[in-house]
Structure formats: structure tokens, C-alpha cells
Amino acid sequence: MATNVLPILLLGAGALLLAGRSSDDEAGPTVTPTDLEGLQAELNARGVTDFTAHELTWSNHVDDNLIPPPELMPNLLKAADLAQRIRTEYGKPLAVTSSYRPEPMNTQVAGIPNSQHVRAAALDLTMPSGTATTQEIDRLRMIAARMWLQDPSFHGLGMYDSPPGRIHVDVEHPGSTGRETWPVDRVAPYLARAQAEA
Ligand SMILES: [Zn+2]
């Protein structure tokens, strides 16, 4: 009799596994991209149409693509979603100047020690050189400020002068801390304007 119990238990476990898998499939993709091709397919599926897998993973520092490990890939995808929303509203090309920066690279490029780039949760975006007029910089900053106010998962917003018009954006992820903007003096007037419009 004991020999008949085991197959029944195994069948039961198999049915549970199958049930679990099918409900995951309904919830969305379960495969984490591990290469450029997989990442591009996932970006296409999410509607990230203005940034390629290549540019979202390109590192000037190593002159190669850096694919985040699977545990950090969801962060990059979320950051790509945010970048696409900004790009769509901006309506003109934006280039990715910095993405995933594992240590010790982050320290080597003088990134801040707790940079969200290390977690693949951050992207730096800038307008192509020659298009960064005062008016365009102001417009991009306002779009980012408005979005930061409206979306609590938009965690960090930085506004830089070099290259002109560059913004840093990062997203909420497991292990992220509080929301921040910097430099506070530069971002505050944009947030105030965005708030006044609302
Ligand atoms: Zn950055």
C-alpha cells in the first residue's frame, strides 16, 4: 500500500505546479531578459519604442554593453518605462548618457556611493548636442518635475549642466530609500511651477 501513496502525492504536486505556472503566465512575462536580444523583445512588449536595448545598456566606461544581472533587470525595465514616458511627452530625441554602473565602476566615474545606477534603477538622459537651448532645457525639466510630483515610484530626479540639459531619473525598487531631488536649489523652482499649474 505504501508504494501506491508516493505516485499520488507526486501527481498532486505536479498539478499544483502547473496551476501556479498558468496563473503566472496570465499575470505577464515571467522570463527575465539576460541578453540584448531578450531585453529588446521585452522593451518592444512594454512599448518602450524610443530607446533600444543597446543604448539602455551601453557603457562608455567599458565601451561595451553591460547587461544587469537578473535580480536587477526589473529595475532597468522600470527605469526604461519612466524614460519612455518622459521621452513621449518631450516629443524629441533624448540620448542615454549613463545607465547601469556596477561597482567598482561607479566609484571610478565619481558616481555617488549609493548611486541608483549601481542598482540599474537609474538613467541619465540628455538632448543631442546642439539642441540644448535654454528653452528646451526648461521644457524637459518641467516635464520631469511634473512627472516626479505625480508619480511616487519616480524616486530620484537630478538636473545637471553637463552636458547641458542632462537629467538623472531613478525609480523605486526593492531596497530603495526615500525620494530625492538635487540640486535642491535648481529643482525646487520647477517643482513649484509644476505645483502651481496643478
Ligand atoms: Zn545619474
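Since the model is a prediction, treat every value here as computed from it, not as a measurement.

Asks: Help me understand the pairing of strand E4 (residues 122-126) in this model?
Replies: Along any regular strand, the residues point their side chains to alternate faces of the sheet. Among the five residues in E4, four count as buried, and that is most of the element. For strand E3 (residues 95-98) and E4, the ladder comprises three bridges, and the chain directions are antiparallel. By the bridge assignment for E4, Ser98 is matched with Asp124. Here E4 pairs with strand E6 (residues 167-171) via four bridges, running antiparallel.

Asks: Help me out: how do you make sense of the nonpolar core in this one?
Replies: It is characteristic of soluble globular proteins that their nonpolar side chains tend to be buried jointly. Counting 34 residues, the largest nonpolar core has Ala79, Ala80, Ala83, Ala144 and Val169 as the members making the most contacts within it. Among the elements of the structure, helix H2 (36-46), helix H3 (53-57), helix H4 (73-90), E4, helix H6 (134-150), strand E5 (154-159), E6 and helix H7 (184-197) are those that each provide at least two residues to this core. Among the elements that make up this core, the one with the highest residue count is H4 (seven residues). Those residues in contact with Val169, other than ones at most four positions away along the chain, are Ala79, Leu82, Ala83, Ile86, Ala122, Leu123, Leu125, Ala144, Phe154, Gly156 and Leu157.

Asks: Whenever I open this one, the environment of Arg166 confuses me. Can you help?
Replies: Mapped onto the elements of the fold, Arg166 is located in the loop between E5 and E6. We classify Arg166 as buried; it has 21 C-beta atoms within 10 Å. Sequence separation of Arg166 and Val96 is 70 residues, and the distance between their C-alpha atoms is 9.4 Å. Leaving out residues up to four positions away in the same chain, Arg166 has contacts with Thr97, Asp124, Leu125, Thr126 and Tyr160.

Asks: Help me out: how do you make sense of the packing of H4 against H6 in this one?
Replies: Axes are the key here: two packed helices are described by the angle between their axes and the distance separating the axes. Axis separation between H4 and H6 bottoms out at 10 Å; the angle between their running directions is 130°. Regarding the angle of H4 to H6, the classification is oblique. H4 and H6 meet at a crossing whose hand is right-handed. Across from Arg85, Ile86, Glu89 and Tyr90 in H4, the residues of H6 making contact are Leu140, Ile143, Ala144 and Met147.

Asks: Would you mind showing me how to read the sheet that holds E5 here?
Replies: What the five strands build is an open sheet, ordered E3-E4-E6-E5-E7; its pairing is mixed. The open sheet has two edge strands with one neighbour each: E3 and strand E7 (180-182). Neighbour-to-neighbour, the strand axes of this sheet turn through a mean angle of 25°, independent of strand direction. Strands in contact with H6 are E5, E6 and E7; relative to E5, the strand with the most contacts, it is inclined by about 155°. Set on the sheet, H7 makes contact with E5 and E7; between it and E7 the angle comes to about 110°.

Asks: Any chance you could explain the environment of Asp64 here in plain terms?
Replies: Relative to the helices and strands, Asp64 resides in strand E2 (residues 64-65). Taking C-alpha positions, Asp64 is 9.3 Å from His54, a pair spaced 10 residues apart along the chain.

Asks: Help me out: how do you make sense of H6 in this one?
Replies: The α-helix winds at 3.6 residues per turn, so residues separated by three or four positions along the chain end up facing the same way. Here H6 spans 24 Å end to end across 17 residues, near enough to the 24 Å set by a 1.5 Å rise per residue. Within H6 the residues assigned to the buried category are Leu140, Arg141, Ile143, Ala144, Ala145 and Trp148. Considering only its buried residues, H6 is in contact with H4, E5, E6, E7 and H7.

Asks: Would you take a moment to explain the pairing of E6 for this structure?
Replies: Burial within E6 is extensive, with five of its five residues counted as buried. Neither face of E6 is exposed, since Ile167, Val169 and Val171 on one face and His168 and Asp170 on the opposite face are all buried. Of the strand pairs in this sheet, E5 and E6 are connected by five bridges, and their pairing is antiparallel. Within E6, the position partnered with Phe154 by the bridge is Val171.

Rules used throughout
- Residues numbered from 1 in each chain as written.
- Predicted model: local features only at pLDDT ≥ 70, side-chain atom pairs only at ≥ 80, totals over all residues.
- Buried ≥ 20, exposed ≤ 12 C-beta atoms within 10 Å, placed from the backbone.
- Helix = DSSP H or I, 4+ residues; strand = E, 2+ residues; numbered from the N terminus.
- Pairing = 2+ DSSP bridges.
- Core = buried A, V, L, I, M, F, W, Y, C linked by C-beta atoms within 7 Å.
- Contact = placed C-beta atoms within 7 Å.
- Axes fitted to C-alpha atoms, helices over the stretch in contact; angles between N-to-C directions.
- Parallel < 35°, antiparallel > 145°, perpendicular 65-115°, else oblique.
- Left-handed = near helix turned anticlockwise from the far one by under 90°.
- Expected span 1.5 Å × (residues − 1).

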